[in-house]
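# Structural characterization, general
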Amino acid sequence: MGKGRGKLSKLLSKQISNVKVNQKNKLKLKNKELHYSNNAKKLQHELRKVENFDENTYDESKVFIPFDKLDRLIIVGDGDFSYSVCIIRKNLIKPDNLITTSYDSLEDLQTKYGNQLIDDNISFLKNSGVKVYHGIDATKLSETLGISLGNKRSGSGAGKSIEKLGGLRINNILFNFPHSGESIPDLNRNVLVHQKLMFNFFKSCEELYHILEQQKEWTNYKESVEDTETDELTYFQNIGKSDNLPVDKNIITVTLFEGEPYDSWKIKKIARDSIGYAVQRSGKLEWRFFDGYDHKLTTRLGKTSKPTKSRVARIFKFEKFHPSEKQKIALDKKRKRNGDYSDDSD
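Residues numbered from 1 in each chain as written. Predicted model: local features only at pLDDT ≥ 70, side-chain atom pairs only at ≥ 80, totals over all residues. Heavy atoms only, no water.

### Considerations on the overall build of the protein
Stated precisely, the cut-off is as follows: Secondary structure elements are taken from DSSP: a helix is a run of H or I of four residues or more, a strand is a run of E of two residues or more, and numbering for both begins at the N terminus. A 1.4 Å probe rolled over the protein chains alone gives each residue an accessible area, and that area as a share of the maximum for its type sets the label: buried under 20%, exposed over 50%, partly exposed in between. Working rule for contacts: check all heavy atoms of both residues, and any pair within 4.5 Å makes them a contact. Under the convention used here, a 1.4 Å probe and the Shrake-Rupley method define accessible areas, while residue burial counts only the protein chains that appear.
Tallying secondary structure elements over the protein gives 11 helices and nine strands in all. A burial count over the protein gives 39% of its 346 residues as buried. The long-range share in the protein, meaning contacts at least 24 apart out of those at least 6 apart in sequence, stands at 77%. Accessible surface, the protein: about 20,100 Å² in total, of which carbon and sulfur atoms supply 48%.

This is the structure in structure tokens:
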């Protein structure tokens, strides 16, 4: 325990030091005291981008949209559902291919955001053909969606999954601005809480995809035979031993603000170490394109703060990483050297 605490203490001290250095350099740039270092040039570039920001001009053809129109998409933690409403209004995805969820109950959402807004958004989505669910925990997707492989009494649960998710074609799970729901001003504790949140989210996505894949295999198997007495539980136990299952191509998408404390969450490393996922592609969230999406930072009183248009955010699209033998050896060596989340490389 002593060694573990020492390593964690060093990591957190390093993170705090990096934050202070970045803040100091930004201040120097504004005062024109720093000109030549690589870090200064990078910061100057970022400041110029902010200064030259034109809220009326952007290339819509270059906007990064992390899903295709025919994708079967689950959105978790959509708050007031304004993101879901936005992408339906812009015809970015088929309504019956979208499942959107909130962590809060309907009553809690109405208290936080107002009855009129929530009722209007939910009515629009449901009338469009979107499935809307409340009380869905991003770290316990299968459990809170009521989906499982089942047991001897209930069988596979495939019927309920098909009804709940509208089929077994889920291929993208999207989480915009994941947050624990707590206000944590202390950087060290904030980082630890949200690293745990992201770890559990990735594991939850992996579990859901695994269950749906096995249920799809079972459904296909039943349709391939006219009369069978095969026991479902036995089938699931056997299929897990096969090396001939399809390669998992299921996507996990996460959107985060840039800067601290979000950079210190190290989500790329957590995705890799938890479920073997890597960034397939990433891009800036273009707020002007997603007009109508009103991300809010909710306080305990239900009020909000900080305008979103002025904050840079990035979308990360993860997929299963299948390294070559050479890459596996290199990764194993790297993991032996690093026993924490201090590295954020892919």
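### Quick word on the packing of aromatic side chains
Rules: Ring geometry is summarised as follows: Phe, Tyr and Trp rings, the Trp one being its six-membered ring, pair when their centres sit within 6.5 Å, and such pairs are stacked at plane angles under 30 degrees, edge-to-face over 60 and tilted between the two. Charge-over-ring placement is defined geometrically: NZ (Lys) or CZ (Arg) within 6 Å of the ring centre, and within 35 degrees of the ring normal.
Here the structure, examined in full by the defined rule, presents 13 aromatic pairs. Ring centres of Trp 287 and Tyr 293 lie 5.8 Å apart, and the angle between their planes is 20 degrees; this geometry places the pair in the stacked category. Residue classification places Tyr 293 among the buried residues on the basis of a relative accessible area of 10%. Clustering of aromatic rings is evident, with ring pairs tying together Tyr 83, Phe 177, Phe 257, Tyr 262, Trp 265, Trp 287, Phe 289, Phe 290 and Tyr 293. The cationic tip of Lys 90 hangs over the ring face of Phe 289; the distance from NZ or CZ to the ring centre is 4.4 Å. Sitting over the face of the ring of Phe 257, Arg 311 holds its NZ or CZ atom 3.7 Å from the ring centroid.

### Some details on the pattern of salt bridges
Applied cut-off: A pairing counts as a salt bridge when a side-chain nitrogen of Lys or Arg comes within 4 Å of a carboxyl oxygen of Asp or Glu.
On inspection of all chains with the given rule, the structure shows eight salt bridges. When the shortest N-O distance is used, the salt bridge between Glu 206 and Lys 203 registers 3.5 Å. Remark: Lys 203 and Glu 206 occur in helix H8 (residues 187–224); sequence separation between them is three residues, near one turn of the helix. Overall, Glu 206 belongs to the partly exposed group, its relative accessible area being 30%. For the salt bridge of Glu 286 with Arg 288, the shortest nitrogen-to-oxygen distance reads 2.6 Å. Within the structure, one salt-bridge network assembled from shared partners comprises Lys 269, Arg 272 and Asp 273.

### Let's talk about the packing of helix H4 (residues 106–113) against helix H5 (residues 115–128)
To be explicit about the condition: Orientation is described by lines fitted to C-alpha atoms, with helices fitted over the stretch in contact, and by angles between N-to-C directions that extend from 0 to 180 degrees. Every angle not falling under 35 degrees, over 145, or within 65 to 115 is termed oblique; those three ranges are roughly parallel, roughly antiparallel and roughly perpendicular. Any residue that is not Ala, Val, Leu, Ile, Met, Phe, Trp, Tyr, Cys, Pro, Asp, Glu, Lys or Arg is counted as polar, Gly included; the first ten are nonpolar and the last four charged.
Where H4 meets H5, the axes come as close as 7 Å, and the angle between the chain directions of the two elements is 125 degrees. When the interaxial angle is binned, H4 and H5 end up oblique. Touching Leu 106, Leu 109, Gln 110 and Tyr 113 of H4 are Asn 115, Leu 117, Ile 118, Asp 119 and Ile 122, all from H5. Partitioned by chemical class, the residues of the contact of H4 with H5 number six nonpolar, two polar and one charged.

### Points about unusual backbone geometry
With an omega of 5 degrees, the peptide bond running from Glu 260 to Pro 261 counts as cis. Turning to its location among the elements, Pro 261 is positioned in the loop between strand S5 (251–257) and helix H10 (267–275). The backbone phi angle of Phe 81 is positive, close to 70 degrees, even though this residue is not glycine. Among the secondary structure elements, Phe 81 is positioned in the loop between strand S1 (73–76) and helix H3 (82–89). Positive phi values are uncommon outside glycine, yet Lys 266 reaches one of about 55 degrees.

### Considerations on the nonpolar core
Where a protein is soluble and globular, its nonpolar side chains tend to be buried together. For clarity, the cut-off: Here the nonpolar core consists of buried residues drawn from Ala, Val, Leu, Ile, Met, Phe, Trp, Tyr and Cys, with membership extended through side-chain atoms lying within 4.5 Å.
Grouped together as the largest cluster of nonpolar side chains are 65 residues, with contacts concentrated most on Ile 87, Phe 201, Phe 202, Ile 252, Phe 290 and Phe 318. Tallying contributions element by element places H8 first for this core, with 10 residues. If sequence neighbours within four positions are ignored, Phe 318 has contacts with Phe 202, Asn 250, Ile 251, Ile 252, Val 254, Ile 267, Lys 268, Ala 271, Tyr 277, Ala 278, Val 279 and Gln 280.

### Quick look at the sheet that holds strand S4 (residues 172–176)
To summarise the sheet geometry, strands pair through backbone hydrogen bonds and adopt either a parallel or an antiparallel arrangement. Rules: Think of it this way: DSSP has to see at least two bridges between two strands before they count as a pair.
With respect to topology, seven strands assemble into an open sheet ordered S3-S2-S1-S4-S5-S9-S6, the strand pairing being mixed. In the strand order of this sheet, the two ends are held by strand S3 (131–133) and strand S6 (277–284), each with one partner. Across the sheet, the mean angle separating the axes of adjacent strands is 20 degrees when strand polarity is ignored. As judged from the five bridges shared by S4 and S5, these two strands associate in the parallel manner. Looking at the pairing, Leu 174 lines up with Thr 253 of S5. Across the sheet, H10 lies against S5, S6 and strand S9 (313–320), angled at about 15 degrees from S9, the strand it touches most.

### Here's the deal with H5
Test applied: In this analysis, the expected span of each helix is defined as 1.5 Å times one less than the number of residues it contains. Arc definition: it is the arc formed by the directions from the helix axis to the C-beta atoms.
For H5, with 14 residues, the first-to-last C-alpha span of 20 Å sits near the 20 Å given by 1.5 Å per residue. Ile 118, Asn 121, Ile 122 and Leu 125 are the residues of H5 that are buried. For H5, the arc enclosing every buried residue in end-on projection is 95 degrees, short of the 170-degree limit, so these residues lie on one face. Turned more than 90 degrees off the buried face of H5, the exposed positions are Gln 116 and Asn 127. Tucked into the core, H5 has its buried residues touching H3, strand S2 (98–101), H4 and S3. Positive phi shows up at Gly 129, right after H5, with a value of about 110 degrees.

### Remarks on the confidence of the model for the protein
Condition: For every residue, the pLDDT score states the predictor's confidence, bounded by 0 at the bottom and 100 at the top.
Of all residues in the protein, 58% attain a pLDDT of 70 or more, and the chain-wide mean is 76. Here residues 151–160 is modelled with pLDDT under 50, and outside its nearest four sequence neighbours on either side it reaches 16 contacts, counting other chains as well. In the model, residues 299–304 has pLDDT below 50 throughout and makes five contacts with residues more than four positions away in sequence or in other chains.

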